[in-house]
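# Understanding the architecture of this molecule
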Amino acid sequence: MKTIEDFNFENKKALIRVDFNVPLDAGFKVADTNRIEAAKPTIIKVLEDGGSAILMSHLGRPKGEQNTDFSLKHICQTASEVIGVQVKFVSDCVGEVAENAVANLQPGEVLLLENLRFHSEETSGDANFAEQLSKLGDIYVNDAFGTAHRAHASTTVVAQYFEESKCFGYLLAKEIDAIEKVMRTGEKPVLAILGGAKVSSKITIIENILDKVDHLIIGGGMTYTFVKAKGGKVGDSICEDDKMALALDILKQAEEKGVQIHIPVDVIAADDFSNDANTQVVDSDKIPDGWQGLDAGPDTLANFKEVILKSKTILWNGPIGVFEMESFANGTIEVGNFIDEATQAGAFSLVGGGDSVAAVKQFGFQDKVSYVSTGGGAMLESLEGKTLPGIAAIIS
Ligand code: AMP
């Protein structure tokens, strides 16, 4: 795996795919600088070597059309402040105007190209467009994990024009390393905690992960499909009847593979899908009609705690309950606390994929786990065992 550490950028122009798809407020000011901060170490390494950095990114979904609402010029000022160098801006990402701006760029300088997605060729992965982009740099650096699962021109296709001169930036290398730790090289016992709403959206992950883990905790809305499949009564809980056979098959596969599955034994049941609903703790297989399970119960959390604290490698994807409502956030918060404790005792913990990061940030766990992934969809696809095109393009 070639990373930015394998190159010296002295007098070189680094064409860096970053993920500056940041949220903007109503006044087009950057509302969250996380993604810019995440790209900073890679940019600084290039500058400190004596090179220049040409940054390319998308912002929002302008659908192939120029639209000032999605212009990356809005983030230039903030990027300059975060990186600590005045970031220059050019009003297109390809063509004469971009090539001239790059030609004038001196070592130590940073240039931000206009939104890649102002050209529909970006998302269609057009080879001609990718070749034009490739003219802007001597070395291609991909540091955008959030788009690594897309075979777009700037994330994947462009790499073919760099032969040996391509590598991962620090952020992407860290993401790959974290996934490797969970999927292949992590210390045992390895535990995956999968929550979220539906079995159907997690099934490929579950099937892939059964070969990698010693323990699997199932939480969230998925619980009820498993409980009902085993003959339990789930009342009005979210349940995918058409996935019950699959749930039984997963349990059988787990047994064959020696994976211990932990499913909630009790839940917080509510008489309405609302924060103000009446609640009661009930066995997860005896939920009365008119009631639905919305969070894990105390015995369940005690079980989860035991498993989490004895694990050395932990992956967490998906909330344990309906964490958006305060009344049903406890399970998710407690699991976060247990992972914190395990991490402090030396476990490696990775949180990522889909909504998980939102939950982690909401409760301030981001500094307590070993690594929080920056890519929702890209992380989910990695956990499903897919090779991401943006990663394959650098490795091949
Ligand atoms: P996912 O995107 O699949 O990770 O699902 C996240 C969503 O699952 C969150 O919005 C949670 O509110 C929801 N969720 C978690 N537990 C339950 C549950 N018991 N019933 C309904 N939804 C749930």
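To continue, consider the sheet that holds strand S8 (residues 215-218). Strands belonging to one sheet form pairs held by backbone hydrogen bonds; the direction of such a pair is parallel or antiparallel. The 6 strands lie next to each other as S10-S8-S7-S15-S16-S17, forming an open sheet whose pairing is parallel. Whereas interior strands pair on both sides, the edge strands pair on one side only; in this sheet they are strand S10 (260-262) and strand S17 (371-372). In this sheet, S17 lies alongside strand S16 (residues 348-351) in parallel orientation, the contact comprising 2 bridges. Bridge pairing in S17 places Leu-350 opposite Tyr-371.

Another point: the sheet that holds strand S11 (residues 266-270). Here we have 3 strands laid out as an open sheet, ordered S12-S11-S14, and antiparallel in their pairing. Only two strands of the sheet have a single partner each, and these edge strands are strand S12 (279-283) and strand S14 (292-296). Each strand of the sheet is rotated relative to its neighbour by a mean of 45°, with strand direction disregarded. Here S11 pairs with S12 via 5 bridges, running antiparallel. Residue Asp-266 lies in a different strand from S12, and its bridge partner there is Asp-283.

With 7 of its 8 residues buried, helix H8 (residues 222-229) lies for the most part within the structure. Looking one or two residues beyond H8, the residue adopting positive phi is Gly-231, at roughly 100°.

Right, let's get into the nonpolar core. With 74 residues, the main nonpolar core has Leu-133 and Leu-216 as its most contacted residues. Each of domain 1 (4-171) and domain 2 (186-383) contributes no fewer than three residues to this core. Apart from residues lying up to four places away in sequence, Leu-216 is in contact with Leu-191, Ala-192, Leu-194, Ile-206, Ile-209, Leu-210, Val-259, Gln-260, Ile-261 and His-262. If you look at the next biggest cluster of nonpolar residues, it comprises 29 residues, including Ile-4, Ala-53, Leu-72 and Cys-167.

On to the pattern of salt bridges, then. This model, assessed by the stated rule, comprises 16 salt bridges. Notably, a salt bridge pairs Lys-188 with Asp-214, separated by 2.8 Å at the nearest N-O pair. With Lys-188 in the loop between helix H6 (170-185) and strand S7 (190-194) and Asp-214 in the loop between helix H7 (203-209) and S8, the pair connects residues that are 26 residues apart, well separated along the chain. The exposure class of Lys-188 is exposed, given its relative accessible area of 55%.

Two aromatic rings, taken as a pair, are described by how far apart their centres are and by the angle between their planes. The tally for this structure, following the rule as stated, stands at 4 aromatic pairs. Each ring, one from Phe-7 and one from Phe-9, has its centre 6.2 Å from the other, and the planes form 45°; the classification is tilted. Relative to Phe-363, the ring of Phe-323 lies with its centre 6.2 Å away and its plane at 75°, an arrangement referred to as edge-to-face. In this pair, Phe-323 sits in the loop between strand S15 (313-317) and helix H11 (330-344) while Phe-363 sits in the loop between helix H12 (356-362) and S17, placing the two residues 40 residues apart along the sequence.

Let us look at the domain arrangement of the protein chain. The domain boundaries assigned to the protein chain delineate domain 1 (4-171) and domain 2 (186-383). Measuring from the centre of the C-alpha atoms in domain 1 to the corresponding centre in domain 2 gives 37 Å. Facing 6 residues of domain 1, the contacting portion of domain 2 comprises 10 residues. In total, about 630 Å² of surface goes out of reach between domain 1 and domain 2, with carbon and sulfur atoms giving 58% of it.

Glancing now at the side chain of His-152. Residue placement: His-152 occurs in the loop between strand S5 (139-142) and strand S6 (166-168). Contact partners of His-152, with chain neighbours within four places excluded, come to Arg-117, Glu-122, Thr-123, Gly-125 and Val-157.

Let us now look at the packing of helix H10 (residues 298-309) against H11. For the pair H10 and H11, interaxial distance at closest approach is 9 Å and the crossing angle is 25°. Classed by the angle they form, the pair H10 and H11 counts as roughly parallel. When you trace H10 past H11, the crossing you get is right-handed. Facing Leu-301, Phe-304, Lys-305, Ile-308 and Leu-309 of H10, the residues of H11 in contact are Asn-330, Gly-331, Glu-334, Val-335, Phe-338, Ile-339, Glu-341 and Ala-342. Classifying every residue of the contact of H10 with H11 by side-chain character gives 8 nonpolar, 2 polar and 3 charged.

Okay, unusual backbone geometry next. The residue after Lys-188, namely Pro-189, is reached through a cis peptide bond having omega -5°. Examined against the element boundaries, Pro-189 turns out to sit in the loop between H6 and S7. Of note, the phi angle at Phe-28 is positive, near 60°, even though the residue is not glycine. As for its placement among the helices and strands, Phe-28 is situated in the loop between strand S1 (13-17) and helix H1 (34-49).

Around the ligand, a shell composed of 16 residues is seen, among which Ala-197, Lys-202, Gly-293, Gly-321 and Glu-324 lie nearest. Here the ligand, which alone exposes 500 Å², has 83% of that area covered by the protein.

What counts and how
- Residues numbered from 1 in each chain as written.
- Predicted model: local features only at pLDDT ≥ 70, side-chain atom pairs only at ≥ 80, totals over all residues.
- Heavy atoms only, no water.
- Pairing = 2+ DSSP bridges.
- Helix = DSSP H or I, 4+ residues; strand = E, 2+ residues; numbered from the N terminus.
- Axes fitted to C-alpha atoms, helices over the stretch in contact; angles between N-to-C directions.
- Buried < 20%, exposed > 50% of the residue type's maximum accessible area, 1.4 Å probe, protein only.
- Core = buried A, V, L, I, M, F, W, Y, C linked by side-chain atoms within 4.5 Å.
- Domains from an automatic or database assignment.
- Contact = heavy atoms within 4.5 Å.
- Salt bridge = Lys/Arg side-chain N within 4 Å of Asp/Glu carboxyl O.
- Phe/Tyr/Trp six-rings, centres within 6.5 Å; stacked < 30°, edge-to-face > 60°.
- Buried area = accessible area lost by both parts, 1.4 Å probe.
- Parallel < 35°, antiparallel > 145°, perpendicular 65-115°, else oblique.
- Left-handed = near helix turned anticlockwise from the far one by under 90°.
- Nonpolar A, V, L, I, M, F, W, Y, C, P; charged D, E, K, R; others polar.
- Near = heavy atom within 4 Å.
- Areas by Shrake-Rupley, 256 points an atom, 1.4 Å probe, with all protein chains shown as cover.

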